[in-house]
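Reading the structure
Chain residues, written in single-letter form:
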Amino acid sequence: MSSICAICGQGIAPADDSREHILPNAIGGRRTVGNFLHGDCNNRAGQTWDAGLEKQLRPLALHIGIKRQSGKNLRMAVTTTAHEDFLLDVGGKLAMAKPVVERTPVLNGEHIDVMAGSISQAREFLKALKREYPKVNVEATIAGAESQRRYAKGNINIKLNFGGPSSGRSLVKSALAQAHYAGIPIEQCGDALSYLRETDAQPCFRFYDDDDLVDGRPPNMPLHCVAIDANPATGLILGYVEYFGIHRIVVCLGRDYTSNRLQSVYALDPRTGKELQVAVHIDLDAKDIRAIYNCERVNVKKRLEVADAILSSISSAQQTDEGKHVVRESLDFAWTNCGGVPGQPLETEHLDRLKELFVERSMSWWKHVKGLDETAARQFALAYIENLLATA
């Protein structure tokens, strides 16, 4: 195995070694390699190249809901098509960017209504308000707060932009790390080393949308993948990197390879970290690489179609999960507050109250998911709870 740092080119002593994620932890990668980067080089690459990659992929990572091995996913500010400001969180959830405050003058003071996105956000606002009004009881106010479920009026556009020196070097580093993991001496990967070490080096990769190189791909899976194929027949050491099933890139790591053919694949579902068993066929020669470098294998329309299929599938699953949560939470609330006696059959008045509470609690969901007006949403919610009670 190599003992030369892939970035600085200096020898790696045991005290200077580090564990490098083949795919960055910040986008859900798990597998690591050692004897590949100095600790300092690893840190600098993480703070620059990998940070740039994460920032570009953050909209996808949050919407899809990646699960990091360590650390927290960073939320990001978004504006809907209805000009609403939110924070996009893991799983496509939206949080209020800041509390909404309405102040109404009253005799000897003012009445303040606060709508916050979470208990912690409300608590922070009330603590600040207490400096203006010392008599404010923060915890008592929170205890008396009313919980409501609201949905955005507009949609969010998920940007698929990808590219640039930082993201490009993170990508090439991932392919080279997989080659190192597979046992290929990195000194044979001259194209990759030049790109990582020389600021003015030309990129050794391009998008590849021509056909699907992944065999055994789970349908609409937002998978991450990095694969290597070192082929003595062509003399090429090629890599393939894929992010979220959408961004698909071929990398030429090196040339003049003469050893035995070596292929290696690392693929995972970034939502769980679970590794996937797929095959990647990078059966390309020098002529293909020239065409790829000339962007002849780029098909933006096809990439957008792939993205639409993956994101639509994920949004549908998220909507289904949200619906189940709303029904369960609304039913629990209605049951607790309808006035019935635990362990005894509900009286007619309690049953009517349960239905009304369920409708009030869940109606915003029916309006949101079905696009119904107030009256229609109420009728739909009432029919739902009546059918649920009839089959219970």
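Note that this is a predicted model, so its numbers are computed, not measured. (Residues numbered from 1 in each chain as written. Predicted model: local features only at pLDDT ≥ 70, side-chain atom pairs only at ≥ 80, totals over all residues. Heavy atoms only, no water.)

**Re the overall build of the protein**
Scanning the protein for helices and strands turns up nine helices and 15 strands. Relative to a compact globule of 392 residues, whose C-alpha radius of gyration would be 21 Å, the protein shows 27 Å and is clearly more extended. Taken along the three principal axes of its C-alpha coordinates, the protein extends 85 × 50 × 40 Å. Out of the 392 residues in the protein, the part that is buried amounts to 41%. Across the protein, contacts joining residues at least 24 apart in sequence account for 64% of those joining residues at least 6 apart. (Helix = DSSP H or I, 4+ residues; strand = E, 2+ residues; numbered from the N terminus. Rg over C-alpha atoms; globule rule 2.2 N^0.38 Å. Buried < 20%, exposed > 50% of the residue type's maximum accessible area, 1.4 Å probe, protein only. Contact = heavy atoms within 4.5 Å.)

**With respect to the pattern of salt bridges**
Enumeration over the complete set of coordinates arrives at 24 salt bridges. With a closest N to O distance of 3.8 Å, Arg-248 and Glu-242 form a salt bridge. Neither Arg-248 nor Glu-242 differs from the other in exposure class; each is buried. Put simply, Asp-212, Arg-217, Glu-242 and Arg-248 are held in one network by salt bridges that share partners. (Salt bridge = Lys/Arg side-chain N within 4 Å of Asp/Glu carboxyl O.)

**Here's the deal with helix H4 (residues 165-182)**
At 3.6 residues per turn, the α-helix brings residues three or four places apart onto the same side. Taking 1.5 Å of rise per residue, the 18 residues of H4 would be expected to cover 26 Å, and the 26 Å separating its terminal C-alpha atoms lies within 8% of that figure. Downstream of H4 by a residue or two, Gly-183 has a phi angle that is positive, lying close to 100 degrees. (Expected span 1.5 Å × (residues − 1).)

**A few points about the pairing of strand S6 (residues 100-106)**
As defined by bridge partners, S6 adjoins strand S7 (residues 109-115) across seven bridges and the pair is classed as antiparallel. Its bridge partner lying in S7, Val-101 is registered against Val-114. Hairpin connection, S6 to S7: the antiparallel pair is bridged by two residues, and Asn-108 has positive phi, about 65 degrees. (Pairing = 2+ DSSP bridges.)

**Section: the sheet that holds strand S3 (residues 76-79)**
Strand order across the open sheet formed by three strands is S3-S4-S5, with antiparallel pairing between neighbours. Edge positions in the open sheet fall to S3 and strand S5 (94-96), since each of these has one partner strand only. In this sheet, adjacent strand axes meet at a mean angle of 45 degrees when their direction is disregarded. Of the strand pairs in this sheet, S3 and strand S4 (residues 85-88) are connected by four bridges, and their pairing is antiparallel. Bridge pairing links Met-76 to Leu-88 in S4. (Axes fitted to C-alpha atoms, helices over the stretch in contact; angles between N-to-C directions.)

**Overview of helix H6 (residues 286-293)**
Those residues of H6 that fall on the buried side of the exposure criterion are Asp-288, Ile-289, Ala-291 and Ile-292. Summarising the axial view, the buried residues of H6 lie within an arc of 160 degrees, below the 170-degree limit, and thus occupy one face. Facing away from the buried side of H6, by more than 90 degrees, are the exposed residues Lys-287 and Arg-290. Contact partners of the buried residues in H6: strand S8 (205-207), strand S11 (236-243) and strand S12 (247-254). Its side-chain oxygen placed 3.1 Å from the backbone nitrogen of Lys-287, Asp-285 serves as the N-cap of H6. Looking one or two places after H6, you find Cys-295, whose phi comes out positive at around 65 degrees. (Arc of directions from axis to C-beta. Polar contact = N/O pair within 3.5 Å; in protein donor to acceptor, adjacent residues only side chain to side chain.)

**Here we look at the side chain of Ser-362**
Mapping Ser-362 onto the fold places it in helix H8 (residues 348-370). The contacts of Ser-362, once residues within four sequence positions are left out, are Val-326, Ser-330 and Ala-381.

**Section: the layout of surface pockets**
A volume near 240 Å³ is recorded for the second largest pocket. Along the wall of the second largest pocket there are 13 residues; nearest its centre are Glu-20, Asn-25, Asn-42, Gly-46 and Asp-50. Elements with a minimum of two residues in the lining of the second largest pocket: strand S1 (20-21) and helix H1 (39-64). In terms of residues, the lining of the second largest pocket owes the most to one element, H1, which gives six residues. Taken together, the residues of the lining of the second largest pocket break down into three nonpolar, six polar and four charged. (1 Å grid on protein atoms, 1.4 Å probe; cavity = no way out; pocket = protein on both sides within 12 Å on 5 of 7 lines; lining within 4 Å. Points joined across faces, edges and corners; volume = space filled by probe spheres on them. Nonpolar A, V, L, I, M, F, W, Y, C, P; charged D, E, K, R; others polar.)

**Looking at the nonpolar core**
By size, the foremost hydrophobic cluster in this structure holds 55 residues, and its most contacted members are Leu-171, Val-172, Leu-176, Tyr-243, Val-251 and Leu-253. Of all the elements, H1 adds the most residues to this core, at eight residues. In this structure, Met-221, Cys-225, Leu-238 and Val-278 belong to the second largest nonpolar core, which totals 20 residues. (Core = buried A, V, L, I, M, F, W, Y, C linked by side-chain atoms within 4.5 Å.)

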